[in-house]
Amino acid sequence: MPKVRVLAFARLRELLGESREVALAEGATLRDLWSSLLAAEPRLQGLESGMRFACNQRLCADERTLHEGDEIALLPPFGGG
Amino acid sequence: MPKVRVLAFARLRELLGESREVALAEGATLRDLWSSLLAAEPRLQGLESGMRFACNQRLCADERTLHEGDEIALLPPFGGG
Amino acid sequence: MFEIVEAPIDPQAVEAAVRAPACGGIVSFSGVVRESADDGRAVSGLRYEAHAAMARASFAEIADEIRRTMPEVRLAIVHRIGELAVGEIAVVVVAAAPHRADAFAAARYAIDELKERAPIWKEERYRDGARLWIENRCGEMKP
Amino acid sequence: MFEIVEAPIDPQAVEAAVRAPACGGIVSFSGVVRESADDGRAVSGLRYEAHAAMARASFAEIADEIRRTMPEVRLAIVHRIGELAVGEIAVVVVAAAPHRADAFAAARYAIDELKERAPIWKEERYRDGARLWIENRCGEMKP
């Protein structure tokens, strides 16, 4: 059961808090992580539009398998500048 | 005999000084002014290349007739910035 | 200098970080909180947040890209986060180069790319009490 | 603010002159004395002179032209004259606009036009003691 640290920003932070630890099934992917967050917080529905994931501070595809200690950042569309 | 004030800059200032009064024949043009300056200071020869005249702080053509009290600026090619 | 800061930005200090005796042109861009939104609504202030480590890395990456085509350019980017009032500076980008064309091109590229790929978020706060997360890119048109 | 000055330029003060609550983008260009000339010769400093009244008028004219196509742009230009050492600022152009594209375009236009038509002259002084009046435009090619 890998445990990962999930960081959330902007709209997503408002629903999930800044940081939480999530335990996942062995071999779980980012897509699975999102499903489990969605199950716990239904108001996330729809917010995946334009959202990207970063694993250990690099953008990655949602098929990526997660490992113990990964830092997963949920990145809504950017608004800097 | 109109008298004009001649301002010179950069290379031209080095030869003519910053400012001098010049008396001209009635009806004299900028071209005539240049000729009289050239007669007084032969080292001006060649420096008219790229030079422009301003009368009373506006660029003007060298056929322009001069009038008493005109401020004539001799403007070598610019180098600002 | 690639930073995410909470305190007000001093543009002079950012500029000082890139000045060099070989650089004759310095172009600075400051992004300032405007009094009204694009739709005209009166703004009371902004709140920015960032994934600071990723944002700094994206700034350095943008600088690397610029140096690939303009090796003499020196770049600094500082973005502020937290609550900002109208008139306060949110971001400063400074590019120094031997000649002005590169300094302009680099500063423009840096701020455009920052908006596209730095993980920074902006919440507009309106005088009427409403709030809105602003996204830099419109969704792509679907056929 | 359109000025010819003899004292060192404070870029912050120039920027302050154009800031406005409607302007979200500010682009500043500073032209700085470089340590070497275009041909590589070591420079000890520059000396600028200007027809100050005509130069100020040319700055204001450039600003008028910009406002014809970008009415919301606020522009300031300050050029220093006299003797400048390497690293000192010779000219500051600042453009403020609601959005950055106009601020960049205006600042770039202003410095390009200034070089072309402001009656300002620059003498480069080299470490070897030589001096040279520098012209911004090469003579036009004759057929």
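As a reminder, the structure under discussion sits directly above these lines.
Residues numbered from 1 in each chain as written. Chains lettered and ligands numbered in written order. Predicted model: local features only at pLDDT ≥ 70, side-chain atom pairs only at ≥ 80, totals over all residues. Heavy atoms only, no water.

Participant: Could you give an account of the relation of the copies chain D and chain C, with specific residues and numbers?
Facilitator: In this arrangement, two copies of a chain are superimposed by a rotation about an axis accompanied by a shift along the axis. Expressed as a screw operation, the relation of chain D to chain C combines 0.0 Å of axial shift with a rotation of 180°, fitting to an RMSD of 0.0 Å. These values place the two chain copies in the arrangement generated by a two-fold rotation axis. By C-alpha distance to the rotation axis, the residue of chain D lying nearest is S28(D), at 2.5 Å. (Least-squares fit on C-alpha atoms with pLDDT ≥ 70 in both.)

Participant: Explain the sheet that holds strand β7 (residues 120–126) of chain C to me, and be specific about the residues and the numbers.
Facilitator: Residues and elements named next belong to chain C. Taken in spatial order, the four strands of this open sheet run β5-β3-β7-β8, and their pairing is antiparallel. The open sheet is flanked by β5 (82–85) and β8 (131–134), the only strands paired with a single partner. Taking each pair of neighbouring strands and ignoring which way they run, the sheet shows an average axis angle of 25°. In this structure, strand β3 (residues 43–50) lies alongside β5, joined through four bridges in antiparallel fashion. Looking at the pairing, Y48 lines up with G82 of β5. (Pairing = 2+ DSSP bridges. Helix = DSSP H or I, 4+ residues; strand = E, 2+ residues; numbered from the N terminus. Axes fitted to C-alpha atoms, helices over the stretch in contact; angles between N-to-C directions.)

Participant: Please give an account of the packing of helix α3 (residues 100–117) of chain C against helix α3 (residues 100–117) of chain D that cites residues and values.
Facilitator: Contact geometry for α3(C) and α3(D): axes closest at 12 Å, N-to-C directions at 180°. Relative to α3(D), α3(C) is oriented roughly antiparallel. On the side of α3(C), the interface is formed by R100(C), A101(C), F104(C), A107(C), R108(C), I111(C), D112(C) and K115(C), while α3(D) contributes R100(D), A101(D), F104(D), A107(D), R108(D), I111(D), D112(D) and K115(D). (Parallel < 35°, antiparallel > 145°, perpendicular 65-115°, else oblique. Contact = heavy atoms within 4.5 Å.)

Participant: Could you give an account of the side chain of E124(C), with specific residues and numbers?
Facilitator: Residue and element names in this part refer to chain C. Among the secondary structure elements, E124 is positioned in strand β7. Although E124 is buried, it makes no salt bridge; K122 carries the closest opposite charge, 5.3 Å away. A polar atom in the side chain of E124 sits 2.6 Å from the side chain of Y126. If near-sequence neighbours (up to four positions away) are discounted, E124 is found in contact with A37, V43, G45, L46, A130, R131, L132 and I134. (Buried < 20%, exposed > 50% of the residue type's maximum accessible area, 1.4 Å probe, protein only. Lys, Arg positive; Asp, Glu negative; His and termini not counted. Salt bridge = Lys/Arg side-chain N within 4 Å of Asp/Glu carboxyl O. Polar contact = N/O pair within 3.5 Å; in protein donor to acceptor, adjacent residues only side chain to side chain.)

Participant: Describe the arrangement of the chains, with residues and values.
Facilitator: Highest in contacts among the three pairs of chains that touch are chains C and D. In this view chain A stays clear of chain B, with the nearest C-alpha atoms of the two still 29 Å from each other. One finds no contact linking chain A with chain D; the least C-alpha distance across the pair is 10 Å.

Participant: Any details on the sheet that holds strand β2 (residues 19–23) of chain B? Residues and values, ideally.
Facilitator: Residues and elements named next belong to chain B. Here we have five strands laid out as an open sheet, ordered β2-β1-β5-β3-β4, and mixed in their pairing. Strands at the two margins of the open sheet, each flanked by one partner only, are β2 and β4 (58–60). Neighbour-to-neighbour, the strand axes of the sheet open up by a mean angle of 35°, direction not taken into account. Taken together, the four bridges between strand β1 (residues 3–8) and strand β5 (residues 71–75) define a ladder with parallel strand orientation.

In short, the description is geometric, and any link to function would need to be established separately.
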